[in-house]
Amino acid sequence: MSQSRIPPASLGGLSYLDPAAPEPWASFIEQIERVRPHLGPLERWIETLKHPKRTLIVDIPIERDDGTIAHFEGYRVQHNLSRGPGKGGIRYHPAVTLNEVMALAGWMTVKNAAIGLPFGGAKGGIRVDPATLSSGELERVTRRFTSEIGIIIGPDRDIPAPDVGTNAKIMAMMMDTFSMNRGGTATGVVTGKPVALGGSLGRQEATGRGVYFCAREAGKRQHIAMEGARIVVQGFGNVGGIAARLFRAAGARVIAIADHTATLVNESGIDIPAAQAWAAEHAGLAGFPGAAPIDIEDFWQLECDYLVPAALEGQITPERATGVRARVVVEGANGPTTPAADDVLRSRGVLVVPDVLANAGGVTVSYFEWVQDFSSFFWTEDEINARLERIMVNAFDAIWQVAQEKQVPLRTAAFIIACHRVLEARAERGLYP
Ligand code: GLU
């Protein structure tokens with residue numbers, strides 16, 4: 001074995017970069033490999049994308065309300081910084097792993113480059129179930145984590161944002177902690193903040209809004225009218241809930257919704273604002289009277305125009321893909337479809353609008369927020385939404401065109417555009433030393 005082929009790091013006996021590593025990193029690696037034939041001379045640099053630039057694992061000890069000490073494991077991965085500072089959310093979930101954060105960071109690199117935002121890709125997370133923490137414990141976890149990753153984040157270095165299990169309030173604590181340690185207010189260190197602290201109007205709805213724009217653009221090419229379109233949405237939080245509301249407001253019929261507490265169907269269309277009010281009051285959809293429970297495997301097989309997975313990764317497996325009866329899958333979540341499932345969907349004529357395009361509305365308005373914080377000049381919500389729509393529609397058009405030219409799926413087309421941008425920057429910068 002030549003020196004360069006020795007696995008670069010080891011975690012539990014397995015190199016954490018091993019392509020045989022567990023999901024979802026292995027899916028990300030497979031998606032990168034699918035771009036290889038399209039890179040031309042830039043292929044020389046492809047390994048860059050399989051090696052996260054910087055990976056930080058931190059211990060987060062806190063005193064619990066009962067006086068005991070608890071330890072949580074936290075991560076911040078800067079997958080690639082060739083095109084600009086790191087950018088990507090922070091996830092609080094009991095199943096978070098380093099492997100998952102690496103994949104999520106890699107998808108941020110691709111997403112930011114595919115859309116044309118001047119950022120690299122990063123992601124962070126804590127292995128914790130926030131629902132089991134009191135508000136004081138949640139604050140202590142957040143502040144200690146922020147201090148620990150404070151050595152690598154900053155407004156011009158790496159800018160976190162919300163993701164699954166985090167929100168504007170947590171971003172406010174992160175911004176305050178970073179600012180306290182620095183001795184000066186640094187609003188631009190995180191995005192997705194409350195508007196009172198330099199947050200942007202429209203940021204909270206942005207991801208769901210982008211999902212809706214992508215569905216509409218796909219529908220124009222597939223001859224699907226939004227009026228009366230049948231919609232199925234998995235995930236009813238900041239992405240799925242808002243997208244469902246926008247679909248309904250545009251005249252579509254949301255026939256099934258799901259969250260971690262319930263999977264529900266109503267063929268005549270679900271009243272989304274009522275379901276949102278119920279979920280807010282009861283910490284989930286369980287018991288919502290406006291729809292009937294349905295088995296999760298039947299949910300994936302519902303006949304619909306748009307299927308929107310907006311929960312976690314790895315949901316559409318090859319087995320489930322075989323039963324999908326949607327015309328278009330619009331990925332609100334990151335990594336919901338495995339590469340093998342992608343192949344099944346394509347062979348069955350189902351169009352997939354990939355995560356790195358479909359859910360990019362969130363980070364796009366994060367970019368607007370960061371720009372507004374730097375210039376201390378704030379835009380109206382109409383300006384935000386109009387700029388978001390323009391960027392999303394342009395990105396959709398560009399990716400669609402590459403997919404047509406090269407006869408590849410939209411995901412591969414998005415990866416081709418993104419990998420060219422990242423690797424061109426990589427090659428131009430050169431290796432140091
Ligand atoms: N967590 C979101 C994503 O996966 C937003 C990231 C951001 O705004 O930086 O795209």
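Everything numeric here is computed off the predicted structure, so don't read it as measured data.

Colleague: Break down the confidence of the model for the protein chain for me, with residues and values.
Modeller: Looking at the protein chain, the pLDDT average stands at 96 and 95% of residues meet or exceed 70. The lowest-confidence element of the protein chain is helix 1 (residues 25–33), averaging 96 in pLDDT; the highest-confidence one is strand 6 (residues 158–159), averaging 99.

Colleague: Break down the pattern of salt bridges for me, citing the residues and quoting the values.
Modeller: One pass over the full model with this rule turns up 31 salt bridges. Residue E303 pairs with R325 through a salt bridge whose shortest N-O separation is 3.8 Å. Of this pair, E303 sits in strand 11 (residues 303–309) while R325 sits in strand 12 (residues 325–330), and the two are 22 residues apart along the sequence.

Colleague: Which residues make up unusual backbone geometry, and what values do they have?
Modeller: Between E23 and P24 the backbone carries a cis peptide bond, its omega angle lying at 5 degrees. Here P24 shows up in the segment before helix 1. For H223, which is not glycine, the phi dihedral falls at a positive 60 degrees. Along the polypeptide, H223 turns up in the loop between helix 5 (203–222) and strand 7 (230–234). A positive phi is found at A283, a non-glycine position, where the angle reads about 55 degrees. Mapping A283 onto the fold places it in the loop between helix 7 (272–282) and strand 10 (292–293).

Colleague: Report on the packing of helix 5 against helix 13 (residues 381–406), specifying residues and quantitative values.
Modeller: The description of two packed helices rests on the angle between their axes and on the distance between the axes. Following both chains from N to C, one finds helix 5 and helix 13 inclined at 45 degrees, their axes separated by 10 Å at the closest point. The orientation of helix 5 with respect to helix 13, classified from their angle, is oblique. As for how helix 5 packs across helix 13, the hand of that crossing is right-handed. Across the interface between the two elements, E205, A206, R209, G210, F213, C214, R216, E217, A218, R221 and Q222 of helix 5 pack against E381, N385, L388, E389, M392, V393, F396, D397 and W400 of helix 13. Residue classes in the contact of helix 5 with helix 13 are distributed as nine nonpolar, three polar and eight charged.

Calculation notes
- Residues numbered from 1 in each chain as written.
- Predicted model: local features only at pLDDT ≥ 70, side-chain atom pairs only at ≥ 80, totals over all residues.
- Heavy atoms only, no water.
- pLDDT = per-residue confidence, 0-100.
- Helix = DSSP H or I, 4+ residues; strand = E, 2+ residues; numbered from the N terminus.
- Salt bridge = Lys/Arg side-chain N within 4 Å of Asp/Glu carboxyl O.
- Axes fitted to C-alpha atoms, helices over the stretch in contact; angles between N-to-C directions.
- Parallel < 35°, antiparallel > 145°, perpendicular 65-115°, else oblique.
- Left-handed = near helix turned anticlockwise from the far one by under 90°.
- Contact = heavy atoms within 4.5 Å.
- Nonpolar A, V, L, I, M, F, W, Y, C, P; charged D, E, K, R; others polar.

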